[in-house]
Amino acid sequence: MIEIPENRTISRQAESILPGRKIVKVLNATGKHKFAFFNGDPATYPGVLTGKKIISSRGHGMFVDLCLEDDMFLTISDGTIMRHYGPGEAYPEKYQLLILLDDGSFLVFTVAMYGGIWAFRKEMTTEAWKKYYEGSLNSISPLDDRFNEGLFESIIGNTTKDLSAKALLATEQRIPGLGNGVLQDILFNAGIHPKRKKSTLKDFELGELFHSLKVTLNKMTDSGGRDTEKDFFGKNGGYKTILSKNTLNDPCPNCGGPIKKEAYMGGAIYYCPVCQKN
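In what follows, the accompanying structure is described. Throughout this document, residue positions are counted from 1 along each chain, in the order its sequence is written. Since the coordinates come from a predicted model, pLDDT governs what is reported: local features require at least 70, and pairs of side-chain atoms require 80 or more to be given and counted, while whole-chain, interface and lining totals use all residues. Excluding hydrogens and water, the side-chain values take into account all heavy atoms of the structure.

1. Details of the packing of helix α6 (residues 180–190) against helix α7 (residues 203–222)
Here, axes are lines fitted to C-alpha atoms. For helices the fit covers the stretch in contact, and angles between N-to-C directions go from 0 to 180 degrees. Helix and strand assignments come from DSSP, with helices taken as H or I runs of at least 4 residues and strands as E runs of at least 2, each series counted from the N terminus. Axis separation between α6 and α7 bottoms out at 8 Å; the angle between their running directions is 130 degrees. Regarding the angle of α6 to α7, the classification is oblique. Here α6 and α7 pass one another in a crossing that is right-handed. In contact with V182, D185, I186, L187, N189 and A190 of α6, α7 contributes E208, L209, S212, L213, T216, L217 and M220. Among the residues forming the contact of α6 with α7, the class breakdown is eight nonpolar, three polar and two charged. Throughout this description, any angle smaller than 35 degrees is read as roughly parallel, any larger than 145 degrees as roughly antiparallel, any in the 65 to 115 degree range as roughly perpendicular, and the remainder as oblique. Crossings are classed by handedness, with left-handed meaning an anticlockwise turn of the near helix from the far one by less than a right angle and right-handed meaning a clockwise turn. Whether two residues are in contact is decided by their heavy atoms, any of which lying within 4.5 Å being enough. Only Asp, Glu, Lys and Arg are considered charged in this grouping, and only Ala, Val, Leu, Ile, Met, Phe, Trp, Tyr, Cys and Pro are considered nonpolar; every other residue, Gly among them, is considered polar.

Encoded structure:
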């Protein structure tokens, strides 16, 4: 899933090889996907994308943009995988979009559970996603030095006191691109239980949470994303997650006790009941 470390990693990798490449052919989906979202009719994509040159790539929030000439954009959201294949490699059997480039390489876009693939000129027009897209473009990333403790306090200060730590950080895109995936290690490193209420957090704990958010996200990004996710070239990220599906059966690295997994707020949470008391 595209969260902050992945949007930065994928966009950086795309930026290293795609600028200057021209789109020479666009193939539509090999089959319908109920939860693959497009801007209008995807049958129009070959007409609007073919012949366009890729200028740059950028990542923000849960999105990655390919910026094309003539103010065109091809954007993917959380849930969509964009993968680069070299010249001569075989096309996969299933995809939602495939773009052939002028050097013989190609990009494959696939959606697992849900995800968006939007081609648009100048600005996003899909209303259901527009506020999240524009919100992430206009926000300051936690990877930025300008994201300081004062900004963090202003973001969480406008929320109700009975929000849990998970709801505080990983819902409503208050911090664009911070989702349930990266949340687990952020809370573990801060020693805060995912269900802990905001009203119970003391000032020093909020300070620890801010510090953990900054340090953990930077480590994830500097390592090329999390080991639970794949990058632009189909390789797993280099950051070894502390709490995830990969480590559920491992002991807590701090106390040696068992890690717990629960369903909570529409997703799984992982935590150490000793190190992260509720």
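2. A look at the pairing of strand β4 (residues 63–68)
Burial analysis of β4 places six of its six residues in the buried class, the great majority of the element. For each residue, the accessible area found with a 1.4 Å probe, counting protein chains only, is set against the maximum for its type, and the residue is called buried under 20%, exposed over 50%, and partly exposed in between. In β4, alternate side chains face the same way, and those of F63, D65 and C67 on one face and V64, L66 and L68 on the other are all buried. Linkage of strand β3 (residues 54–60) to β4, two consecutive antiparallel strands, is achieved through a turn of two residues, within which G61 is found at a positive phi near 55 degrees. Should DSSP find at least two bridges between two strands, the strands are taken to pair. Note: β4 against strand β5 (residues 72–77), five bridges, orientation antiparallel. Directly across from D65, in β5, lies its bridge partner T75.

3. Thoughts on the pattern of salt bridges
Note on definitions: salt bridges are taken to be side-chain nitrogens of Lys or Arg within 4 Å of carboxyl oxygens of Asp or Glu. If you walk through the whole model with that rule in mind, you get nine salt bridges. Among the ionic pairs, R146 bridges to D144, the shortest N-O distance being 2.9 Å. A relative accessible area of 24% means that D144 is categorised as partly exposed. Overlapping salt bridges, with partners in common, bring together E3, E6 and R226 in one network.

4. Focus on the environment of L18
Structurally, the position occupied by L18 is in the loop between α1 (4–17) and β1 (23–28). A relative accessible area of 2% places L18 in the buried class. Along the primary structure L18 and G266 are separated by 248 residues, whereas in three dimensions their C-alpha atoms are 36 Å apart. With near-sequence residues (within four places) excluded, L18 lies in contact with I54, L66, H84, L101, L107 and F232.

5. Observations concerning the environment of M124
Examined against the element boundaries, M124 turns out to sit in the loop between β9 (115–121) and α3 (127–137). For the pair formed by M124 and G104, sequence separation is 20 residues and the distance between their alpha carbons is 29 Å. Residue contacts for M124: discarding those within four places in its chain leaves W118, K130 and Y133.

6. Focus on a nonpolar patch on the surface
Patch definition: residues above 30% relative accessible area lacking any salt bridge, with like charges linked at up to 9 Å and the nonpolar side chains Val, Leu, Ile, Met, Phe, Trp and Tyr linked at up to 5 Å. The method behind every accessible area is Shrake-Rupley, applied with a 1.4 Å probe, and residues are considered shielded solely by the protein chains displayed. On the surface, a nonpolar cluster with roughly 490 Å² of combined accessible area is contributed by M1, F35, F37, M113 and Y114. Looking at the element boundaries, M1 is found in the segment before α1. Look at M1 and you get partly exposed, because its relative accessible area is 41%.

7. Some details on α6
Within α6, eight of the eleven residues are buried, leaving the element largely enclosed by the surrounding structure. Every buried residue belonging to α6 is among V182, L183, Q184, D185, I186, L187, F188 and A190, and all of these are buried. Where the residues of α6 are buried, they touch α1, α5 (165–170), α7 and β11 (267–271).

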